[in-house]
Amino acid sequence: MAILQVLYHPDPRLRIKAAPVPVVDDEVRRLAADMMETMYAAPGIGLAATQVNVHRRLLVVDVSETHDQPLCLINPALLQKEGVERMEEGCLSVPGVFEEVERAERIRVRFQDLEGHTVEQDADDLLAVCIQHEMDHLEGKLFLDYLSPLKRSRITKKLTKAQKQVM
Ligand code: GNR
Ligand code: NI
């Protein structure tokens with residue numbers, strides 16, 4: 001396994017729309033394992049392939065405190081959304097920024113698992129929020145896109161400046 005490098009906003013590669021995973025094979029399973037390791041090491045509760053510069057429709061999540069409920073969603077599709085919830089979100093690609101975002105409270109999602117089987121699952125609370133956040137990454141979308149243009153440009157400036165200092 002390996003810890004992968006995470007892209008930081010405003011890297012334009014975070015804006016690439018991911019393509020479907022054509023087959024769930026060993027290469028996909030290896031990528032998923034590396035993404036899990038990267039997510040746990042960060043630490044984070046989710047990671048989309050886009051964030052590690054792989055533009056395929058695959059994401060991992062684990063919202064448990066014990067890090068023992070890993071989920072890998074391949075080619076995820078949102079089937080249902082219900083209710084509205086506001087939650088403070090963060091993103092490994094937008095370090096140090098936490099802002100409230102409005103999302104559906106409960107969702108039903110269809111995806112392929114690591115064996116290539118199609119699964120449907122309901123999610124609520126933090127898991128629902130996290131899956132929606134990760135699915136946005138696959139569209140090239142960040143939680144910042146829900147904020148006001150002024151707030152977003154301030155955050156982008158701050159992160160650009162911080163990254164110039166470490167380069
Ligand atoms: O670690 C993460 N925490 C988090 C908190 C609230 C809502 C969404 C998230 S996802 C984030 C990891 C990440 O950036 N995934 O793309
Ligand atoms: Ni994120």
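Residues numbered from 1 in each chain as written. Chains lettered and ligands numbered in written order. Predicted model: local features only at pLDDT ≥ 70, side-chain atom pairs only at ≥ 80, totals over all residues. Heavy atoms only, no water.

## Some details on the overall build of the protein
- Within the protein, the secondary structure is distributed over three helices and seven strands.
- Secondary structure of the protein in N-to-C order comes out as α-β-β-β-β-β-β-β-α-α.
- The C-alpha atoms of the protein give a radius of gyration of 15 Å, which matches the 15 Å a tight globule of 167 residues would have.
- Each principal axis of the C-alpha distribution contributes one length, and for the protein these read about 45 × 35 × 30 Å.
- Counting across all 167 residues of the protein, residues that qualify as buried make up 43%. (Helix = DSSP H or I, 4+ residues; strand = E, 2+ residues; numbered from the N terminus. Rg over C-alpha atoms; globule rule 2.2 N^0.38 Å. Buried < 20%, exposed > 50% of the residue type's maximum accessible area, 1.4 Å probe, protein only.)

## Focus: the pairing of strand β4 (residues 85-89)
- Burial along β4 is one-sided: the face carrying E85, M87 and E89 is buried and the face carrying R86 and E88 is not.
- As defined by bridge partners, β4 adjoins strand β5 (residues 99-103) across five bridges and the pair is classed as antiparallel. Its bridge partner lying in β5, R86 is registered against E102. (Pairing = 2+ DSSP bridges.)

## Looking at the layout of surface pockets
- If you add up the space inside the largest pocket, you get close to 440 Å³.
- What lines the largest pocket is a set of 29 residues, and nearest its centre among them are G44, I45, G90, C91 and L92.
- Listing elements by their share of the lining of the largest pocket, those giving two or more residues are α1 (26-41), β4 and α2 (125-138).
- No other element matches α2, which puts six residues into the lining of the largest pocket.
- Residues belonging to the lining of the largest pocket are distributed by class as follows: 18 nonpolar, eight polar and three charged.
- In this structure, the second largest pocket is lined by V21, P22, V23, D25, E27, V28, R30, L31, D34, V54, R56 and L58.
- Broken down by element, the residue count for the lining of the second largest pocket peaks at five residues, all from α1.
- Residue composition of the lining of the second largest pocket, by class: seven nonpolar, no polar and five charged. (1 Å grid on protein atoms, 1.4 Å probe; cavity = no way out; pocket = protein on both sides within 12 Å on 5 of 7 lines; lining within 4 Å. Points joined across faces, edges and corners; volume = space filled by probe spheres on them. Nonpolar A, V, L, I, M, F, W, Y, C, P; charged D, E, K, R; others polar.)

## Here we look at the sheet that holds strand β2 (residues 58-61)
- Taken together, five strands build an open sheet; the order of strands is β1-β2-β3-β6-β7 and the sheet is antiparallel. Each edge of the sheet is formed by a strand with only one pairing partner; in this case those strands are β1 (46-48) and β7 (118-124). Each neighbouring strand pair of the sheet contributes to a mean axis angle of 40°, computed without reference to strand direction.
- Where strand β6 (residues 106-112) and β7 come together, seven bridges link them in antiparallel fashion. Within β7, the residue paired with R108 across the bridge is D122.
- Here α2 sits on the sheet and contacts β1, β2, β3 (71-82), β6 and β7; the angle it forms with β2, its principal contact strand, is near 155°. (Axes fitted to C-alpha atoms, helices over the stretch in contact; angles between N-to-C directions. Contact = heavy atoms within 4.5 Å.)

## Things to note about the coordination of the nickel ion (ligand 2)
- Protein ligation of the nickel ion (ligand 2) involves C91 (SG), H133 (NE2) and H137 (NE2), the donor distances falling in the range 2.1 to 2.3 Å.
- Spacing between the donor residues of the nickel ion (ligand 2) along their common chain follows C-x41-H-x3-H. Of this pair, C91 sits in the loop between β4 and β5 while H137 sits in helix α2, placing them 46 residues apart in sequence. For the pair C91 and H137, a shared accessibility class is recorded, and that class is buried. (Donors = N, O, S within 2.8 Å, 3.2 Å for Na, K, Ca; no water.)

Treat this as a map of the structure, not an account of what it does.
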